[in-house]
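# Structural overview
Single-letter residue listing:
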Amino acid sequence: MNNVPQYLSPDEERALILQMPENPEAFRPLYQHYFPRVFAYTAYRVGSRQEAEDLTATIFMKVIQSIGGFEYRGDGAFATWLFRITHNVIQQHYRSLYRREVIPLDELPEIESGDFLPDEAFARKERFAQLRQALMALSPRRQEIISLRFFAGLRNQEIAAVLALDERTVASHLSRGLEDLKQHYQREETAHE
Amino acid sequence: MNENQRPDESTLGPDDAFVYQLEHTRPKADRKFQQDLEHQLMAQLHTLSTHKRKEKPSMQYSITSRRTRFVRIAPVTWAATLTALMVGIISVALVLFRPEGSAFLSNVPPMAVQVENEGASIVIATQNIPAGTVITEAMIGVISLSSADLDELRSVETPPEFITDASLVIGETAAFNIEWFQPIAADQLGEPFDPCAQEGAACPEIPEDYFAINLPVALGAIEGLNATDRVDVLAAVDGQIRVVVEDVLLADVSAERITLAAPSWKHSILIWLYQSGESYALRLHTPESEAEVDLSPVEFTFTAPQELPEDYQFDLVIGVPASLGYTLTNLPASIDHIDFTGPEGMLNFWFEDIEVVSIVDGVNVTVRMPRADAENLEYLFNLEAQIQFIPDQALNSQP
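In this text, all values refer to a predicted model and were calculated from it rather than measured experimentally.

Moving on to the overall build of chain B. Regarding its fold elements, chain B presents seven helices and 15 strands. In chain B, 73% of the contacts between residues at least 6 apart in sequence involve partners at least 24 apart. Put simply, chain B shows about 20,800 Å² of open surface, and 50% of that area lies on carbon and sulfur atoms.

Put into structure tokens, the structure is as follows:
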């Protein structure tokens, strides 16, 4: 198995979900498709690789414990349900009394290699730390929405369902959040030049 | 995804460089961790399937009614799971203390809100409970907290007295939205507050998806018009009388004010009008001025203001200042079905589900979309509206 996310079309996803009551193996491709997104979103929200792994395990354990009660209601329903669980687990984590504000670089998660050279691993982690710092400067709501959009890969409608918001509210936060993020990022880039 | 098609970051403008960073700085998990977790999950699923559980697991679980099912996973992960569960229930974000003798507690029997100094059991929500929901046993649970944990719960903000007896919650109605794992207090129960049920309240009937605004009555501004009429709103803009917004609902008329109701983007223009202080006039809207919405697919080609990757998939956000909202009265087709956001005086229209046909030389973009949307998009481009490309992450992640 490699780390390239397995892409599932909406029809394939629907077929797997409907097979699951009779065939537990149908969950495996769903897991392989959603694991990278759940991990990426979680890692951006909590920052630490160890915490992201722990929370990701918690999330998927809750998923399989609850999967019998899931009702398929159309495209995007599973993603919405999955990320609602993810969102709630992370919210619980944030209520922890033992949050750290600064995460050492070696505790940050690895970044997908893409077309980067191996010796850029350190630079990639630094970039992650910078982007995450910029993200943390936003309001909690905008952090959630941008993370769900960019790292969990959800559409606005799905984000609205996860967070129990109006879709227009999601779109507004996304638009303003990106603007704020860009300005923060560009200020930081200028300061380091 | 073909890595050779990824753009050279140096060719991108400053805004795109940032979005490129955001898209391509995706954390990845350790491969062994991912595989190990997969094995554990599949083993658990097969075990569940083999034992043919009598009761289906559900997202709605009650801590007091079900025995926790232990799963053999890595010790650090198990500890984190327990920790996440326990610390979550000590959440204090949404509760407030009330001082002793507060009127809010007057309807609650003292026994129900006593908390012993040695710690206590408190009732929490085990799922999100929307306001107006009658609370059932399946929606709540009872947890035990030490006195230290209770003190911690009360120390962050001013919390209420928590309910300790679940039977006092079952059958009650949630007066407000109650979140998962939120402790339930007495002042969260009861009928949801309805301002229009108050005596003398003025609550005109507003259609679903419409938003209302009250405007002061200007002399002669509403002559001959009545509540429930569809009207156009005129005002002086740049020294000329213009139709600022068309086809809104005159929901209510009184001696001092009128209530207009409209879809969100028109409502934003009305807000701008109110804030501008300009006088206005209303006229009856004539149905002949409405344009039909043709949703048959067409291809539309435009020049992007910035270079885009060849296989880029995106949503378009087109922004127009609310002060120029009057220009939208000449839109070729209705835009009411387009998602809209209105941050700080901007009218942002979200064109989603765009099918990108081709991107040539980075800026010549051909998309497929409904004819009405394409015509409106062309009109907005000619207004030199602000254009934002929001990447469609799900499609851009396809191999």
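Residue and element names in this part refer to chain A. Relative to the assigned elements, Leu-154 resides in the loop between α6 (140-150) and α7 (156-163). Taking C-alpha positions, Leu-154 is 8.5 Å from Gly-76, a pair spaced 78 residues apart along the chain. Excluding its chain neighbours within four sequence positions, the residues that come into contact with Leu-154 are Arg-37, Ala-79, Phe-83, Leu-148, Arg-149, Ile-159 and Val-162.

Before going further, it helps to examine the nonpolar core. All names here are of chain A. Phe-27, Phe-78, Phe-83 and Leu-148 are the most contacted members of the largest nonpolar core, which totals 68 residues. In terms of residues, this core owes the most to one element, helix α2 (residues 27-46), which gives twelve residues. Sequence-distant contacts of Phe-78, defined by excluding residues within four places in its chain, comprise Glu-13, Ile-17, Leu-30, Tyr-34, Ile-67 and Phe-70.

Residue and element names in this part refer to chain B. Relative to the assigned elements, Asp-247 resides in strand β6 (residues 240-253). Residue class for Asp-247 comes out buried when judged on its relative accessible area of 15%. At a separation of 2.9 Å, a polar atom in the side chain of Asp-247 contacts the side chain of Arg-230.

A few words on the pattern of salt bridges. Two side chains carrying opposite charge are able to pair once their charged atoms lie near each other. Residues and elements named next belong to chain B. On inspection of all chains with the given rule, the structure shows 14 salt bridges over all chains. Arg-230 is paired through a salt bridge with Asp-247; the nearest N and O atoms lie 2.9 Å apart. Remark: Asp-247 occurs in strand β6 and Arg-230 occurs in strand β5 (residues 230-237); sequence separation between them is 17 residues. By relative accessible area, which is 28% here, Arg-230 ends up partly exposed. For Glu-355, the salt bridge goes to Arg-368, with nearest N and O atoms at 2.6 Å. Of this pair, Glu-355 sits in strand β13 (residues 355-360) while Arg-368 sits in strand β14 (residues 364-370), placing them 13 residues apart in sequence.

Another point: the packing of aromatic side chains. Inspection of the entire model under this criterion finds 18 aromatic pairs over all chains. An angle of 50° between the planes, with centres 5.0 Å apart, marks the rings of Phe-302 of chain B and Phe-381 of chain B as tilted. Of this pair, Phe-302 of chain B sits in strand β9 (residues 297-303) while Phe-381 of chain B sits in helix α6 (residues 371-382), and the two are 79 residues apart along the sequence. Aromatic pair Phe-314 of chain B and Phe-389 of chain B: ring centres 5.0 Å apart, planes at 80°, arrangement edge-to-face. Taken together, the positions of Phe-314 of chain B in strand β10 (residues 314-321) and Phe-389 of chain B in strand β15 (residues 386-391) put the pair 75 residues apart, joining distant regions of the chain. Residue Phe-314 of chain B is classed as buried on the basis of its relative accessible area of 1%. By way of ring pairs, the aromatic residues Phe-27, Tyr-31, Phe-35, Phe-39 and Phe-60 of chain A together with Phe-33 of chain B are connected into one cluster.

This next bit is on the packing of α6 of chain A against α7 of chain A. All names here are of chain A. Relative to each other, α6 and α7 sit at 135°, their axes nearing to 10 Å. By the angle class used here, α6 and α7 are oblique. Handedness of the α6/α7 crossing: right-handed. Residues Arg-141, Glu-144, Ile-145, Leu-148 and Arg-149 of α6 form the contact with α7, whose participating residues are Asn-156, Ile-159, Val-162 and Leu-163.

In this section: the sheet that holds β14 of chain B. Residues and elements named next belong to chain B. Pairing is antiparallel across the open sheet formed by three strands, whose spatial order is β9-β14-β13. Only two strands of the sheet have a single neighbouring strand rather than two, namely β9 and β13. Within this sheet the neighbouring strands show an average axis-to-axis angle of 20°, counted without direction. Sheet topology places β13 next to β14; five bridges connect them, and they run antiparallel. Each bridged residue has a counterpart across the sheet, and for Ile-359 the counterpart in β14 is Val-365. Its contacts with the sheet put α6 on β9 and β14, and the angle it makes with β14 is roughly 135°.

Our focus in this paragraph is the sheet that holds strand β11 (residues 339-341) of chain B. All names here are of chain B. Strand order across the open sheet formed by four strands is β11-β12-β10-β15, with antiparallel pairing between neighbours. On the outer flanks of this sheet lie β11 and β15, each paired with one strand and no other. The average undirected angle you get between the axes of adjacent strands in this sheet is 25°. Alignment of β11 against strand β12 (residues 346-351), held across three bridges, turns out to be antiparallel. Across the sheet, Thr-341 pairs through a bridge with Asn-348, a residue of β12. Strand contacts of helix α5 (residues 264-276): β11 and β12, with the helix running at about 170° to β12, the strand carrying the most contacts. Seen against the sheet, α6 touches β10, β12 and β15 and runs at an angle of roughly 50° to β10.

The next point concerns the confidence of the model for chain A. All names here are of chain A. Across chain A, pLDDT averages 78, with 78% of residues at or above 70. Taken element by element, the predicted model of chain A shows its lowest mean pLDDT in strand β1 (residues 110-111) (64) and its highest in α2 (91). Below pLDDT 50 for its whole length, residues 1-5 participates in eleven contacts with residues either more than four positions away or in separate chains. A low-confidence stretch, residues 113-117 (pLDDT under 50), is modelled with ten contacts involving residues beyond four sequence positions or located in other chains.

Among the structural elements, Met-42 of chain B can be located in helix α2 (residues 31-51). Those residues in contact with Met-42 of chain B that sit more than four places away from it in its chain are Pro-24, Glu-25, Phe-27 and Arg-28 of chain A.

Tracing the backbone shows Thr-47 of chain B in helix α2. Among the polar contacts listed, one links the side chain of Thr-47 of chain B to the backbone oxygen of Ala-43 of chain B, at a separation of 2.8 Å.

Once that is clear, we can look at the confidence of the model for chain B. Detailed conclusions should not be drawn from predicted coordinates in areas where pLDDT is low. Residues and elements named next belong to chain B. Mean pLDDT over chain B: 72, with 65% of residues reaching 70 or higher. Predicted confidence in chain B is weakest over helix α3 (residues 75-88), with a mean pLDDT of 42, and strongest over β14, with 92. pLDDT under 50 marks residues 52-85. Its contacts with residues more than four places away, or in other chains, come to 60 contacts. Contacts of residues 91-117 to residues separated by more than four positions or lying in other chains number 48 contacts, the stretch itself having pLDDT below 50.

Cut-offs used in this document
Every chain is numbered independently, its residues counted from 1 as its sequence is written. The order in which chains are written sets their letters, starting at A; the order in which ligands are written sets their numbers, starting at 1. Since the coordinates come from a predicted model, pLDDT governs what is reported: local features require at least 70, and pairs of side-chain atoms require 80 or more to be given and counted, while whole-chain, interface and lining totals use all residues. Each side-chain value is derived from all of the structure's non-hydrogen atoms; neither hydrogens nor water enter the calculation. Only DSSP runs of H or I reaching four residues or more are called helices, and only runs of E reaching two or more are called strands; each is numbered from the N terminus. A contact between two residues is defined here by any heavy atoms of the two lying within 4.5 Å. Here the Shrake-Rupley method, with its probe set to 1.4 Å, supplies the accessible areas, and only the displayed protein chains count as covering residues. Only buried residues count toward a nonpolar core, which is a set of Ala, Val, Leu, Ile, Met, Phe, Trp, Tyr and Cys residues joined through side-chain atoms within 4.5 Å. Here's how the labels work: a residue is buried when its accessible area is under 20% of the maximum for its type, exposed when over 50%, partly exposed in between, all with a 1.4 Å probe on protein chains only. By the criterion applied in these results, polar contacts are pairs of N or O atoms within 3.5 Å in which, for protein atoms, one can donate a hydrogen and the other can accept it, and in which residues neighboring in sequence qualify only through two side-chain atoms. Each salt bridge in this description consists of a side-chain nitrogen of Lys or Arg and a carboxyl oxygen of Asp or Glu lying within 4 Å of one another. Centres within 6.5 Å make a pair out of two Phe, Tyr or Trp rings, where for Trp the six-membered ring is used; the pair is then stacked when the planes are under 30 degrees apart, edge-to-face when over 60, and tilted otherwise. Here an axis means a line fitted to C-alpha atoms, over the contact stretch when the element is a helix, while the angle between two N-to-C directions is reported on a 0 to 180 degree scale. Every angle not falling under 35 degrees, over 145, or within 65 to 115 is termed oblique; those three ranges are roughly parallel, roughly antiparallel and roughly perpendicular. Crossings are classed by handedness, with left-handed meaning an anticlockwise turn of the near helix from the far one by less than a right angle and right-handed meaning a clockwise turn. In this analysis, strands are considered paired if DSSP registers two or more bridges between them. Every residue gets a pLDDT, meaning the predictor's confidence in that residue, from 0 to 100.

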